[in-house]
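Next come the chains, spelled out residue by residue.
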Amino acid sequence: QDYSHELVCMTGMERMVVPIRAIGAQAILDFPDQLDFSKCLVKCSIQKTLLVHNTGNLEAHYQISTQSPFSVVPASGTVGAGDTMEVTVGFHPLTTGDHFGSLVVCCNTGEESICTNLHGEAVDVNVGLSTNSVEFKTFVNMSNYTTVFIENRSNITAHFQWKAFPTEEDDNEEKSRRCRLLQPPNEVWLKNLMEEKEIEKVEGFCEDRTALLRNMVQEEMAKVQEDPLLFSDDIFHIEPMELVAPSSELGTSTETAWKIQCNRGNCCTEMDISGHESRLHLRGEGQGPLLELCCDTLIVGNIYIYTAHIFEV
């Protein structure tokens, strides 16, 4: 804390004022005013490490906050007077274009927050499918195959996944829906608590069954969050469901093939590509048998009983 006071000296002739200032110990972290990530492929990550020095004369307990698509690790900590720490700032854009944000640093000494402006540009990678529509001519109870190629015309290694939903927002909604279904109703929590009390009355001790149930639910929710929600269908079969396409040299492209099987019916699927904002859409159409009878009605006329007659249709 800083202090200020005035020493006033009075005589019969004049009045003298001597100002007194005392500056308390401070923690001063030298964060930059601007951090630019330049260009980054959409759905990919870039990290930059900052060496931050505490130039003050007091230990700093700090907290750092930012907004998506930016992140910071560690978000809180302690750095002694004269010491240096490493802070890693990440940029993971999900949409193309310019992204702006701020890195706000708060310390324990009450000074004004330090603000670092963040900027990054997200661009699409030059990849694509050989076709966005696949038509199958498949008869009932039979299978047919076709091949779809992807072309990686960029100098990065791209990760491809066949997804069940068209956007990442749809993925998150589906995961939220599954997590809500995993939450036991209030009646289950109450029943669990009552059983704990009954066991404790009889045996004098009971393990925390509520905590066990809560941990089990949290584990199942964690599995849902880690689920990539890959494409799954009874009609269409795609292999492989995910792969890593190698990067290409300048002026060339690499091709990777998918084998797609159609048993019957129609289906749609989406491909999620690291480095590409929108998911690529693939639609396949199955074809049943095309046939018709040469006549709608067969008139056999009068026939004798116990005799066999053969007609061609």
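For the structure given in this document, a descriptive report is provided here. Predicted model, so just to flag it, every value in this text is computed and none were measured. (Residues numbered from 1 in each chain as written. Predicted model: local features only at pLDDT ≥ 70, side-chain atom pairs only at ≥ 80, totals over all residues. Heavy atoms only, no water.)

### Overview of the sheet that holds strand β5 (residues 60–65)
Okay, step 1: Strands sit in the order β3-β10-β9-β5-β7 across an open sheet of five strands; the sheet is mixed. Edge strands, defined here as strands with exactly one partner in the open sheet, are β3 (34–41) and β7 (76–79). When the angles between neighbouring strand axes are averaged without regard to direction, this sheet yields 25°. (Pairing = 2+ DSSP bridges. Helix = DSSP H or I, 4+ residues; strand = E, 2+ residues; numbered from the N terminus. Axes fitted to C-alpha atoms, helices over the stretch in contact; angles between N-to-C directions.)

### Some details on helix α1 (residues 168–182)
Okay, step 1: Here α1 is 15 residues long and its end C-alpha atoms lie 21 Å apart, about the 21 Å a rise of 1.5 Å per residue gives.
Okay, step 2: All of the buried residues in α1 are Asp171, Glu174, Lys175 and Cys179. Take α1 and look down its axis: the buried residues cluster within an arc of 140°, on one side only. Facing away from the buried side of α1, by more than 90 degrees, are the exposed residues Glu169, Glu173, Arg180 and Leu181. (Expected span 1.5 Å × (residues − 1). Buried < 20%, exposed > 50% of the residue type's maximum accessible area, 1.4 Å probe, protein only. Arc of directions from axis to C-beta.)

### Considerations on the sheet that holds strand β6 (residues 70–73)
Okay, step 1: Strand order across the open sheet formed by three strands is β4-β8-β6, with antiparallel pairing between neighbours. Two strands in the sheet have a free side with no partner beyond their single neighbour: β4 (46–53) and β6. Ignoring strand direction, the axes of neighbouring strands in this sheet form an average angle of 25°.
Okay, step 2: Examined bridge by bridge, β6 and strand β8 (residues 84–91) share four bridges and lie antiparallel to one another. Directly across from valine 72, in β8, lies its bridge partner valine 89.

### A word on the environment of arginine 21
Okay, step 1: By the element assignment, arginine 21 lies in strand β2 (residues 15–22).
Okay, step 2: Assessed through its relative accessible area of 56%, arginine 21 is described here as exposed.
Okay, step 3: Separated by 19 residues in sequence, arginine 21 and aspartate 2 place their C-alpha atoms 7.7 Å apart.
Okay, step 4: Residues in contact with arginine 21, not counting those within four places in the same chain, are Tyr3, Ser4 and His5.
Okay, step 5: For arginine 21, the side chain forms a polar contact with the main-chain oxygen of histidine 5, separated by 3.5 Å. (Contact = heavy atoms within 4.5 Å. Polar contact = N/O pair within 3.5 Å; in protein donor to acceptor, adjacent residues only side chain to side chain.)

### A word on the pattern of salt bridges
Okay, step 1: Tallying each qualifying case throughout the model produces four salt bridges.
Okay, step 2: Note that glutamate 174 and arginine 177 form a salt bridge whose closest N and O atoms lie 2.7 Å from each other. Here glutamate 174 and its partner arginine 177 are both found in helix α1, three residues apart, which amounts to about one turn of the helix.
Okay, step 3: Residue class for arginine 177 comes out partly exposed when judged on its relative accessible area of 38%. (Salt bridge = Lys/Arg side-chain N within 4 Å of Asp/Glu carboxyl O.)

### Quick look at the nonpolar core
Okay, step 1: The biggest cluster of nonpolar side chains holds 21 residues, and the ones touching the most others in it are Leu29, Phe31, Ile64, Met85, Val87 and Val89.
Okay, step 2: Breaking this core down by element, the ones donating at least two residues are β3, β4, β5, β6, β8 and β9 (97–107).
Okay, step 3: With near-sequence residues (within four places) excluded, valine 87 lies in contact with Phe31, Lys48, Thr49, Leu50, Val52, Ile64, Val72, Val73 and Pro74.
Okay, step 4: One finds Cys179, Leu213, Val217 and Val224 within the second-largest nonpolar core, a separate group that totals five residues. (Core = buried A, V, L, I, M, F, W, Y, C linked by side-chain atoms within 4.5 Å.)

### Let's talk about the packing of aromatic side chains
Okay, step 1: Following the criterion strictly, the structure yields three aromatic pairs and no others.
Okay, step 2: With 5.0 Å between their ring centres and 20° between their planes, phenylalanine 70 and phenylalanine 91 make a pair best called stacked. Of the two residues, phenylalanine 70 sits in strand β6 while phenylalanine 91 sits in strand β8, which places them 21 residues apart along the sequence.
Okay, step 3: Note on phenylalanine 70: relative accessible area 5%, which makes it buried. (Phe/Tyr/Trp six-rings, centres within 6.5 Å; stacked < 30°, edge-to-face > 60°.)

### A closer look at the pairing of β8
Okay, step 1: Two elements, β4 and β8, share eight bridges in a ladder whose sense is antiparallel. Across the sheet, histidine 53 pairs through a bridge with threonine 84, a residue of β8.

### Describing the side chain of asparagine 54
Okay, step 1: Mapped onto the elements, asparagine 54 comes out in the loop between β4 and β5.
Okay, step 2: At 3.1 Å, the side chain of asparagine 54 forms a polar contact with the backbone nitrogen of glycine 56.
Okay, step 3: One polar contact links the side chain of asparagine 54 to the main-chain carbonyl oxygen of glycine 80, over a distance of 3.2 Å.
Okay, step 4: Asparagine 54 has contacts with Ala27, Ile28, Leu29, Glu59, Ala60, Val79, Gly80, Ala81, Gly82 and Asp83, leaving out every residue within four places of it along the chain.

### Comments concerning unusual backbone geometry
Okay, step 1: Residue serine 68 is joined to proline 69 through a cis peptide bond whose omega torsion reads 10°.
Okay, step 2: Along the chain, the position of proline 69 falls in the loop between β5 and β6.
Okay, step 3: In this chain, valine 73 is followed by proline 74 through a cis amide linkage whose omega measures -5°.
Okay, step 4: Within the fold, proline 74 resides in the loop between β6 and β7.
Okay, step 5: At lysine 43, a residue that is not glycine, the phi angle is positive and equals roughly 65°.
Okay, step 6: Relative to the elements of secondary structure, lysine 43 occurs in the loop between β3 and β4.
Okay, step 7: A relative accessible area of 14% places lysine 43 in the buried class.
Okay, step 8: Despite not being glycine, leucine 229 has its phi angle at roughly 55°, a positive value.
Okay, step 9: Looking at where leucine 229 falls in the secondary structure, it is placed in the loop between α3 (209–226) and β15 (236–239).
Okay, step 10: The buried category is assigned to leucine 229, whose relative accessible area is 4%.

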